[in-house]
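These are the residues of each chain, in order.
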Amino acid sequence: IISKKPKVLFMWFLIILPKWYSMQTQIIRHMNAVIFFIIGIPLIEIYLMIKIGSVIGAFNTIFLIFFTAVTGIYFAKLEGLNTIRSGLGQLVKNEIPIYEIISGAALTFAALLLIFPGFLTDLVGFLLIVPITRKIFIKIISSKFNKKKINGDVIEGDFEDTTQNKSDRKDN
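Residues numbered from 1 in each chain as written. Predicted model: local features only at pLDDT ≥ 70, side-chain atom pairs only at ≥ 80, totals over all residues. Heavy atoms only, no water.

Caption draft 1: Fine view of the side chain of Thr-121. Positionally, Thr-121 belongs in helix H4 (residues 119-129). Discounting chain neighbours no more than four positions away, the residues touching Thr-121 are Ile-41, Glu-45, Leu-113 and Phe-116. (Helix = DSSP H or I, 4+ residues; strand = E, 2+ residues; numbered from the N terminus. Contact = heavy atoms within 4.5 Å.)

And the structure:
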C-alpha cells in the first residue's frame, strides 16, 4: 500500500494487522486439533485393541470388531428410517425438518464411525445412534455455532434516497 499520508498507512496497520494475527492463531489452533485427530485417534484405537486383545484373545477381538460394525450399521439403518419418517411428518405439518436433517447427518457420521475398526470409534458411533445421546451431542455442537458475536463497528440506522429518477429530471 502506497500512501502519501503516513497517518493513513499507520492507521491501516493498526486496524488490519491485529485482525490478521488473530485469524492466523485461529487457523493454527484448528490445525492442531486436526493433527491430534489424525494421529491421536488411531493411536488410541491401536492401544485399546492390544489391551482388549490381550484379555479376550486375538480372534475374539477381531470377531468383536466385526460384530460391532455389523450391529451398529443395522441400528443406524433403523434409526435413519425413523428419522426419515419423522422428517416426512414434519413436512406434512408444513414445518422445516431441521432437527431431522441434522440427526440424519449425525446418523451418517455414526455409521461411518462404526465401519472404522476400533473400540473408541464404535463407542462414539453407538452413542450417536441412541436418540437421547444424539440429541445431547447435537445440542452441545449447535450451542458452539450459535454464539452471536457482538460487533461494536455496526451502527444501525435508516437512510433516505434523495436522488431523483431520470424521468423526473426530464419533466423539469
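Caption draft 2: Local environment of unusual backbone geometry. Although it is not a glycine, Asn-94 sits at a positive phi angle of roughly 65°. Its place among the elements puts Asn-94 in the loop between helix H2 (58-92) and helix H3 (98-115). A relative accessible area of 73% means that Asn-94 is categorised as exposed. (Buried < 20%, exposed > 50% of the residue type's maximum accessible area, 1.4 Å probe, protein only.)

Caption draft 3: Structural context of the packing of H3 against helix H5 (residues 131-145). Remark: H3 packs on H5, axes separated minimally by 11 Å, with the N-to-C direction vectors making an angle of 105°. When the axis of H3 is compared with that of H5, the two are roughly perpendicular. For the pair H3 and H5, contact is made by Tyr-99, Ile-102, Ser-103, Ala-106 and Leu-107 and by Pro-131, Arg-134, Lys-135 and Ile-138, respectively. Split into classes, the residues belonging to the contact of H3 with H5 amount to six nonpolar, one polar and two charged. (Axes fitted to C-alpha atoms, helices over the stretch in contact; angles between N-to-C directions. Parallel < 35°, antiparallel > 145°, perpendicular 65-115°, else oblique. Nonpolar A, V, L, I, M, F, W, Y, C, P; charged D, E, K, R; others polar.)

Caption draft 4: Spotlight on the nonpolar core. Ala-76, Ala-106, Leu-107, Ala-110, Ala-111, Leu-113, Leu-114, Leu-128 and Ile-129 together form the largest nonpolar core, which totals nine residues. Counting only elements with at least two residues in this core, the list comes to H3 and H4. At six residues, the largest contribution of residues to this core is made by H3. If we ignore the near neighbours within four places in the chain, the residues touching Leu-114 are Thr-68, Ala-69, Gly-72, Ile-73, Asp-122, Gly-125, Phe-126 and Ile-129. (Core = buried A, V, L, I, M, F, W, Y, C linked by side-chain atoms within 4.5 Å.)

Caption draft 5: Summary view of H2. End to end, H2 covers 51 Å across 35 residues, agreeing with the expected 51 Å (1.5 Å per residue, within 8%). Those residues of H2 that sit buried are Thr-61, Ile-65, Thr-68, Ala-69, Gly-72, Ala-76, Glu-79, Gly-80, Thr-83, Gly-87 and Gln-90. The positive-phi residue at the C-terminal boundary of H2 is Asn-94, with phi of around 65°. (Expected span 1.5 Å × (residues − 1).)

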